[in-house]
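# Report on the structure
Each chain, letter by letter, is given below.
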Number of protein chains: 2
Amino acid sequence: MDFEKQLQEKIAQIEALLQAYLPKEEGYQRTILEAMNYSVMAGGKRLRPMMMQEAYIMFGGTSQAIGPFMAALEMIHTYSLVHDDLPAMDNDLYRRGKKTTHHVYGEAMGILAGDALLNYAYETAAKSFLLEPENVNIGKALIKLSEKAGVYGMVGGQVVDVEAEKKQEVITKEKLDFIHHNKTAALIEAALAVGGILSGASDTEVQKLELVARKIGLAFQIQDDILDVIGKEEVLGKPIGSDARNEKVTYVTYEGIEKSKEDVARLTDEALELLHSLGKEDSFLSELFLHLVNREK
Amino acid sequence: MDFEKQLQEKIAQIEALLQAYLPKEEGYQRTILEAMNYSVMAGGKRLRPMMMQEAYIMFGGTSQAIGPFMAALEMIHTYSLVHDDLPAMDNDLYRRGKKTTHHVYGEAMGILAGDALLNYAYETAAKSFLLEPENVNIGKALIKLSEKAGVYGMVGGQVVDVEAEKKQEVITKEKLDFIHHNKTAALIEAALAVGGILSGASDTEVQKLELVARKIGLAFQIQDDILDVIGKEEVLGKPIGSDARNEKVTYVTYEGIEKSKEDVARLTDEALELLHSLGKEDSFLSELFLHLVNREK
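Residues numbered from 1 in each chain as written. Chains lettered and ligands numbered in written order. Predicted model: local features only at pLDDT ≥ 70, side-chain atom pairs only at ≥ 80, totals over all residues. Heavy atoms only, no water.

### Here's the deal with the overall build of chain A
- Each helix and strand in chain A was counted, giving 13 helices and 2 strands.
- Here chain A has a C-alpha radius of gyration of 19 Å; the compact-globule value for 297 residues is 19 Å, and the two agree.
- Taking the principal axes of the C-alpha coordinates as reference, chain A spans close to 60 × 50 × 35 Å.
- As displayed, chain A offers around 12,400 Å² of accessible surface, 49% of which is attributable to carbon and sulfur atoms.
- For chain A, the separation between the mean place of its 33 positive charges and that of its 47 negative charges on side chains is 2 Å. (Helix = DSSP H or I, 4+ residues; strand = E, 2+ residues; numbered from the N terminus. Rg over C-alpha atoms; globule rule 2.2 N^0.38 Å. Areas by Shrake-Rupley, 256 points an atom, 1.4 Å probe, with all protein chains shown as cover. Lys, Arg positive; Asp, Glu negative; His and termini not counted. Charge placed at Lys NZ, Arg CZ, Asp CG, Glu CD.)

Structure representation (C-alpha cells):
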C-alpha cells in the first residue's frame, strides 16, 4: 500500500479512537462538552497520537493503555491550540478553515474548553489504571506526558515565545532553540517516549526515541520557517532578505535559507539513523518523518 | 491548643509544603514560574490540602504521596481562581487584597499561568510514583482527583455558572444544586476522598468521606449565599426581599433566609454524624467544618 493511503487510513482509525474517548454531549454542562468535541474533531493530521502508536508497535506493545494515552496527547495538543487562538494570545478566528473554538462559543467558553481538555487528557490517561491497575509503566508514562506538556516542555516554550512577541524582542539563537525544542518538539518527544514506555522499551531505548523526536521536531520547525519565507516571497514577488521589516526572528533569520535547508536534511538523517539503530521495523515511522520534513506547504 | 492556633499552624505547615513543591524561578521561562508561584502563594486558608491531610491522618496514612497530592490539589484550586479572574470571565483585578495574576503579568500570562498550574498539578501528583512505583492507590487517587477537577466536577460547575450569568438566565433550583455540587463541593470531595484513598481506606469509607464533603461543601456554599444577602442588607440599611433587582439567583432566593440557615445546620449535622460513623479520631476536622459553616464573613 502506498504511503499516502496508509496515512489516511491511520488518520481515520485515530479519529475513531478519539471519538470513542471524547465525552458524550449531555447534561447541564453540555456546552463545554460540545466545545471540547468541536475543538478536537476540527481536523489535523493526528501526528502525535500516530507517532505514539508507531513507537508502541515498534516495540511490540500489548498494553491497553495506549488508546487512552493517544487520546490524551491529542487533547493536550488541542487545548494548546484553543488557548493559543484566544484574543489575548494570537487572536485567530479561523484554523484549518474552521472557526476557532472561542469564535464559535465565546471567549469564556474558549478558556474553559481548553482547561476542560487539558484536565480530561489526564483524566483519560489516568483511567487506563482501571484496565491495568498493576501496570507500573502507566505511572512512568504519566510522568513523561505531564513533563513534556508543562513548564519544562510545551507551556515553557509557549511562554517564552509569547513574551518575546509581546516585547517585540529580537531573540537570541539560544532562546529560539529553547522555544523550538519546547513549543514544537516536546509533544513529539512525549509521543515517541510514551509509546516506548507503554510497550516496555528500556530506559535507554526511550531516551533514544526522545532524541529522535527532538531532532524531527526541530527539523519540522525549521521546515516551517523555510516555507513561511518562501510563501512570503511568492506573495511579495521578490526574495526576502535579512531586511525583513519588523518580522519575527526565525531560524532562517539566523542561518539563511540554504543553511536552514541543509540543517533540515542533516537533522532528519540523524533522526532516521538513530531510529534504525534501535533495530526494529520502522518503515512507516521513517516515511512519516520524511513526509513531514519534505512537505511543501 | 485552641482551634484557631492549631489552624494557623497547619496553614503555615501547608504553605511550607507548597513552597517545596512549587517550581524554582529560573530559566528562560522564568516569568511563568514567577506567575505560578505568585498565584499559589497569594494567600488563602489552604482548606483543601488541609482536609486531604486530615482524612489521611484519620485513616492512619503512611504513603509519601500525600505531600504531592496536597500540593496538586491547591494548584488546581489556584488555577481555577486565576482563570475565573480573567477579563473574559469575572474580570477581577484584586483577590484577597492582592492584584490578580493577569493584573500583574498581563492577560496572556494569566491564561498560561493557569494552564501551567493545572498541568503542574498532575505532573507533581504523577511524580509521587517516583517515591512509590508499586503503590496502586496513587493511580486511584489520580483518577479521583482528575474526575473531581474536570467536566464532571469543578469545570462542569463553572461552565454552567458562567453560561447562566452570560445569558442572565433565571436558573432552576436543580441547576443551582448542580452548580454548587460541582463548582464548590467537587474539590472538597477530592480532598477527603484522595486523603482516604492514599491512606488505604476502603471503597465504602471513601464513599462516605465523599458524601461528608458534599454535604459540607453545600453547607459552605449556602452560608456564602446567606452572608452575601446579610452583607447587602447592611449596606442598603434595609432587608432584601424577593424583589432583589436583577440579582443572581442563589439558594436564598429559592429557600428564603430562615430555611437556608436551617439547611446549613442540617447539612452540617448530617456531615458530622456521617464523619463520626467512620469511627476514627476526627476532632480537628469536625472543628474545621464547624468553623467554615459558622463563619460570619
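### Remarks on the nonpolar core
- A:Met51, A:Phe69, A:Ile76, B:Met51, B:Phe69 and B:Ile76 are the most contacted members of the largest nonpolar core, which totals 166 residues.
- Other than its neighbours up to four places away in sequence, A:Ile76 contacts A:Leu118, A:Ala121, A:Tyr122, A:Leu145, A:Ala149, A:Met154 and A:Leu187.
- Counting residues in each nonpolar core, the second largest holds 17 residues, with A:Val160, A:Tyr251, A:Leu267 and A:Val293 among its members. (Core = buried A, V, L, I, M, F, W, Y, C linked by side-chain atoms within 4.5 Å. Buried < 20%, exposed > 50% of the residue type's maximum accessible area, 1.4 Å probe, protein only. Contact = heavy atoms within 4.5 Å.)

### So, the interface of chain B and chain A
- Across the contact, 53 residues belong to chain B and 53 residues belong to chain A.
- When chain B packs against chain A, close to 4,500 Å² is buried across both sides, 72% of that on carbon and sulfur atoms.
- Here chain B is connected to chain A by 2 salt bridges.
- Residue B:Glu147 pairs with A:Lys127 through a salt bridge whose shortest N-O separation is 3.1 Å.
- At the boundary of chain B and chain A, one finds 12 residue pairs in polar contact (both at pLDDT 80 or more).
- Among the elements of the structure, helix 2 (30–40), helix 4 (66–84), helix 6 (107–126), helix 7 (128–131), helix 8 (136–149), helix 9 (154–166) and helix 10 (173–198) of chain B are those that each provide at least two residues to the side of chain B that touches chain A. (Buried area = accessible area lost by both parts, 1.4 Å probe. Salt bridge = Lys/Arg side-chain N within 4 Å of Asp/Glu carboxyl O. Polar contact = N/O pair within 3.5 Å; in protein donor to acceptor, adjacent residues only side chain to side chain.)

### A closer look at the environment of A:Gly195
Residues and elements named next belong to chain A.
- Among the secondary structure elements, glycine 195 is positioned in helix 10 (residues 173–198).
- Taking the C-alpha atoms as reference points, glycine 195 and isoleucine 57, 138 residues apart in sequence, are found 8.0 Å from one another.
- Discounting chain neighbours no more than four positions away, the residues touching glycine 195 are Met52, Ala55, Tyr56, Ile66 and Ala190.

### Thoughts on the side chain of B:Thr31
- Relative to the helices and strands, B:Thr31 is located in helix 2.
- B:Thr31 gets classed as buried once you look at its relative accessible area, which sits at 18%.
- Of note is the side chain of B:Thr31, whose polar atom sits 2.4 Å from the side chain of A:Glu163.
- The contacts of B:Thr31, once residues within four sequence positions are left out, are A:Glu163, B:Tyr105 and B:Met109.

### Notes on the packing of helix 12 (residues 251–276) of chain B against helix 13 (residues 283–293) of chain B
All names here are of chain B.
- Relative orientation of the contacting elements helix 12 and helix 13 amounts to 170 degrees, with a least axis distance of 11 Å. When the interaxial angle is binned, helix 12 and helix 13 end up roughly antiparallel. Seen from helix 12, the contacting residues are Val264, Thr268, Leu272, Leu275 and His276; seen from helix 13, they are Leu285, Ser286, Phe289, Leu290 and Val293.
- Residue composition of the contact of helix 12 with helix 13, by class: 7 nonpolar, 3 polar and no charged. (Axes fitted to C-alpha atoms, helices over the stretch in contact; angles between N-to-C directions. Parallel < 35°, antiparallel > 145°, perpendicular 65-115°, else oblique. Nonpolar A, V, L, I, M, F, W, Y, C, P; charged D, E, K, R; others polar.)

### Observations concerning the relation of the copies chain B and chain A
- For these two chains of identical sequence, chain B goes onto chain A by a turn of 180 degrees and a shift of 0.0 Å along the axis, with RMSD 0.0 Å. Here the transformation between the copies is reduced to the relation of a two-fold axis.
- Most of the interface of chain B is mirrored in chain A: 100% of its interface residues are interface residues there too. (Least-squares fit on C-alpha atoms with pLDDT ≥ 70 in both.)

### Here's the deal with the pattern of salt bridges
- This model, assessed by the stated rule, comprises 42 salt bridges over all chains.
- We note a salt bridge from B:Glu34 to B:Arg30, for which the minimum N-O separation is 2.8 Å. In this pair, B:Glu34 and B:Arg30 are both assigned in helix 2, 4 residues apart and thus about one turn of the helix distant.
- In this structure B:Arg30 comes out as partly exposed when scored by relative accessible area, which is 39%.
- In this structure, B:Glu255 and B:Lys173 form a salt bridge, with 3.7 Å as the shortest nitrogen-oxygen distance. Linking B:Glu255 in helix 12 with B:Lys173 in helix 10, this pair joins segments that are 82 residues apart in sequence.
- By relative accessible area, B:Lys173 is classed as buried at 19%.
- Via salt bridges that share partners, A:Lys173, A:Asp177, A:Lys215, A:Glu255, A:Lys259, A:Asp263, A:Arg266 and A:Glu270 belong to a single interconnected network.

### Side note on the packing of aromatic side chains
- Inspection of every chain in the model, using the stated rule, returns 10 aromatic pairs over all chains.
- Seen in terms of ring centroids, A:Phe129 and B:Phe129 are 5.6 Å apart; in terms of plane orientation they differ by 25 degrees. Their pairing is stacked. With A:Phe129 in helix 7 (residues 128–131) and B:Phe129 in helix 7, the pair connects residues from two separate chains.
- A relative accessible area of 7% places B:Phe129 in the buried class.
- Ring plane angle 70 degrees and centroid distance 5.9 Å describe the contact between B:Tyr38 and B:Tyr105, whose orientation is recorded as edge-to-face. (Phe/Tyr/Trp six-rings, centres within 6.5 Å; stacked < 30°, edge-to-face > 60°.)

### Quick notes on unusual backbone geometry
- One non-glycine residue, A:Gln168, lies in positive phi territory at about 50 degrees.
- On the secondary structure map, A:Gln168 appears in the loop between helix 9 (154–166) and helix 10.

### Considering the packing of helix 1 (residues 3–21) of chain B against helix 4 of chain B
All names here are of chain B.
- Contact geometry of helix 1 with helix 4 gives a least axis separation of 9 Å together with a crossing angle of 90 degrees. Of the possible angle classes, the one that applies to helix 1 and helix 4 is roughly perpendicular. On helix 4, the residues that touch Ile14, Leu17, Leu18 and Tyr21 of helix 1 are Gly67, Pro68, Met70, Ala71, Glu74 and Met75.
- Per-class residue counts for the contact of helix 1 with helix 4 are 8 nonpolar, 1 polar and 1 charged.

### Quick notes on helix 8 (residues 136–149) of chain A
All names here are of chain A.
- The terminal C-alpha atoms of helix 8 lie 21 Å apart, and with 14 residues this matches the ideal 20 Å at 1.5 Å per residue to within 8%.
- The buried count for helix 8 comes to 11 of 14 residues, which makes it a mostly enclosed element.
- Among the residues of helix 8, those classed as buried are Asn137, Ile138, Gly139, Ala141, Leu142, Ile143, Lys144, Leu145, Ser146, Lys148 and Ala149.
- Among the residues of helix 8, the N-terminal cap falls to asparagine 135, whose side-chain oxygen and the backbone nitrogen of asparagine 137 are separated by 2.9 Å. (Expected span 1.5 Å × (residues − 1).)

### Quick look at the side chain of A:Thr268
Residues and elements named next belong to chain A.
- If you trace the backbone, threonine 268 turns up in helix 12 (residues 251–276).
- One polar contact links the side chain of threonine 268 to the main-chain carbonyl oxygen of valine 264, over a distance of 2.6 Å.
- Among residues more than four places away in sequence, those in contact with threonine 268 are Ile216, Ala219, Leu290 and Val293.

### Quick look at the confidence of the model for chain A
- In this model, chain A carries a mean pLDDT of 94, and residues with pLDDT of at least 70 account for 96%.
- Across the assembled chains, the prediction reports ipTM 0.96 with pTM 0.96. (pLDDT = per-residue confidence, 0-100.)

### A word on the environment of A:Met36
- Position of A:Met36 relative to the elements: it lies in helix 2 (residues 30–40).
- A sequence separation of 133 residues divides A:Met36 from A:Glu169, and the C-alpha atoms of the two residues are 34 Å apart.
- Each residue touching A:Met36, except ones within four places of it in the same chain, is listed here: A:Pro23, A:Ala113, A:Ala116, A:Leu117, A:Tyr120 and B:Val151.

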